[in-house]
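In case you want the letters, here they are:
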Amino acid sequence: RDLRMSRGLGDVYKRQEYGESFVSKMKGKQKTFKHRQARAAAARAAEPRTAVESDDDDEGTYESESASASASASTAAAAAGDGTAREASEWLAAAAGGGLGVTGAFARADDDTPVAELTLRNESAAPLSGLALQFNKNVLRLAPTTPALAVPSLAPGQSAVCLVPLAHSGAAADAPAETIDVAFKTNAGVFYGKARCPLWVGFERDGRLGKQDYLQQWKALGDDVERRHALTRCAVRAAGAAAARLAAHNVFEVAQRPGAAAGETLLYASTAVDGVPLLFELAFDGTSDAKLSLKTARLELDAMAAASIQAILR
């Protein structure tokens, strides 16, 4: 397998003092997710609206508890309290994990760092301990900041919820994909699963562009790299509401202006992945359908970027 557990994972059992220290640190840190959508909406309401017309325009917590799987999974459901579009999926089936079942979702903490929200279940008849996690190479270069999970052990039938801090420090995948191969280690062995990771998890806070920068980059990229997508079943049908929801995912409004069709509004927005800008033009006509035009120097991200915008607006 391309995915191999590092020597750090093999040392987990030999480093009990480190594990206890890590758990204590995570308990003290108490990372929480705040209502980013509400803040974004308030910020957007306070900003004047401008129109993009031509290139000549002026620059205008750690948490571990015994709980049912359904209750803990709700913490990672789509459109949760912070307004992000995260959605829990099964990372490891208990039947394939030596009794360890894992449901997880990616999100971004209030300090804009990526995290994974995991629900761990012990469906075996024996205690599980020494839990650790490793990612294979992936398009966002995500990796746990430490392999040891902040859950010392799981008794038979017990569930626990924990946050796993991540960093963009891993190896890059050869081809983009919305899944990451993952490996879990316990005292029962090493087990392999898959984690669904949408591209918006990597949208960066510093991806905001000013009006003139957006226009210059859009023009410089040229027509050959423009990709168009039809978005369907959007929950938001107006540009203003869409801008607030997008901002909660680090996709920032540049401007709005009326479209060519009657009742149509165009929303211009930007973000970045690994420092590379992604430029968006969205057209809303008051229905549940919208149109997306996208430009970026990393055309291999086109399909994943469109899928993320669709997920955010649904």
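The rules behind these values
- Residues numbered from 1 in each chain as written.
- Predicted model: local features only at pLDDT ≥ 70, side-chain atom pairs only at ≥ 80, totals over all residues.
- Heavy atoms only, no water.
- Pairing = 2+ DSSP bridges.
- Helix = DSSP H or I, 4+ residues; strand = E, 2+ residues; numbered from the N terminus.
- Axes fitted to C-alpha atoms, helices over the stretch in contact; angles between N-to-C directions.
- Buried < 20%, exposed > 50% of the residue type's maximum accessible area, 1.4 Å probe, protein only.
- Core = buried A, V, L, I, M, F, W, Y, C linked by side-chain atoms within 4.5 Å.
- Contact = heavy atoms within 4.5 Å.

## Quick word on the sheet that holds strand 8 (residues 159-168)
Inference 1: The antiparallel open sheet is built from five strands, whose spatial order is 1-2-3-8-6. Every interior strand has two partners, whereas the edge strands, strand 1 (89-92) and strand 6 (142-144), have only one. Neighbour-to-neighbour, the strand axes of the sheet open up by a mean angle of 40 degrees, direction not taken into account.
Inference 2: Note that strand 2 (residues 100-108) and strand 3 (residues 114-122) share nine bridges and pair antiparallel. By the bridge assignment, F106 is partnered in strand 3 with A116.

## Concerning helix 6 (residues 239-247)
Inference 1: The buried fraction of helix 6 amounts to seven of the nine residues, a majority that puts the element mostly inside the structure.
Inference 2: Of all the residues in helix 6, the buried ones are A239, A242, A243, A244, R245, L246 and A247.

## Considerations on the pairing of strand 9 (residues 179-186)
Inference 1: Extensive coverage of strand 9 is indicated by the burial of six of its eight residues.
Inference 2: Where strand 5 (residues 132-135) lies against strand 9, four bridges are found, and the strand directions are antiparallel. Paired with F135 across the bridge in strand 9 is V182.
Inference 3: Turn length for the strand 9-strand 10 (residues 189-196) hairpin, with the two strands adjacent in sequence and antiparallel, is two residues.

## As for the nonpolar core
Inference 1: Counting 57 residues, the largest nonpolar core has W91, F106, L118, L120, F184, L282 and L313 as its most contacted members.
Inference 2: It is helix 7 (residues 302-313) that contributes the most residues to this core, six residues altogether.
Inference 3: In this structure, L118 is in contact with W91, V102, T103, G104, L133, L149, A160, V161, C162, V164 and F184, ignoring residues within four places of it in sequence.
Inference 4: Ranked by size, the runner-up nonpolar core spans nine residues in total, among them V254, Y268, L279 and A283.

Nothing here speaks to function; it is all geometry.
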